[in-house]
Amino acid sequence: MQRWAASDAGAAANWLGHLPDSASRDQAVSTFAGRISSSDPQAALQWAATIGDQGMRDSQTESAARSWLKTDPRSATAWISNSTLPNDTKTRLLTPNG
């Protein structure tokens, strides 16, 4: 998934969109979101939201949000502040060196 996402993220996303919910799908989506988070953190956040496993979803969401904070702090901060993320996660993300 890492190589596919790097070489043709659109095709990888299309394939992922057709997978049934399962632990395997969650892992593939997590890998995909992790791979695209530096180039398209907003898309990574959207994909992370589809992960069924709560811990994996939370981890990928936080990772994508951190990537977004690096590239567009203003937009990322607004999204994080208005998101449904737990308050402790928001605080961790929005606190320098958090």
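Notes on the structure follow. (Residues numbered from 1 in each chain as written. Predicted model: local features only at pLDDT ≥ 70, side-chain atom pairs only at ≥ 80, totals over all residues. Heavy atoms only, no water.)

**Considering helix α3 (residues 23-36)**
Over its 14 residues, α3 extends 20 Å from the first C-alpha to the last, a length consistent with the 20 Å expected when each residue adds 1.5 Å. Those residues of α3 lying buried are R25, D26, A28, V29, S30, F32, A33 and I36. Buried-residue contacts for α3 involve α1 (2-7), α2 (9-17), α4 (41-48) and α5 (54-71). (Helix = DSSP H or I, 4+ residues; strand = E, 2+ residues; numbered from the N terminus. Expected span 1.5 Å × (residues − 1). Buried < 20%, exposed > 50% of the residue type's maximum accessible area, 1.4 Å probe, protein only. Contact = heavy atoms within 4.5 Å.)

**Details of the packing of aromatic side chains**
Summed over all chains, the structure comprises two aromatic pairs. Here F32 and W47 contribute two aromatic rings whose centre-to-centre distance is 5.6 Å and whose plane-to-plane angle is 80 degrees, an arrangement assigned as edge-to-face. Here F32, found in helix α3, pairs with W47, found in helix α4; they are 15 residues apart in sequence, far enough to count as distant. Accessibility expressed as a relative area gives 2% for F32, which makes it buried. Ring geometry for W68 against W79: centres 6.2 Å apart, planes inclined by 45 degrees, an arrangement best described as tilted. Of this pair, W68 sits in helix α5 while W79 sits in helix α6 (residues 73-82), and the two are eleven residues apart along the sequence. Residue classification places W79 among the partly exposed residues on the basis of a relative accessible area of 31%. (Phe/Tyr/Trp six-rings, centres within 6.5 Å; stacked < 30°, edge-to-face > 60°.)

**Section: the pattern of salt bridges**
Taken as a whole, this structure holds two salt bridges when the rule is applied. For R92, the salt bridge is made with E62, and the minimal N-O distance between the two is 2.8 Å. Residue R92 is located in helix α7 (residues 87-94), and its partner E62 is located in helix α5; the two are separated by 30 residues in the primary sequence. What you see here is one network of salt bridges that share partners, running through E62, R66 and R92. (Salt bridge = Lys/Arg side-chain N within 4 Å of Asp/Glu carboxyl O.)

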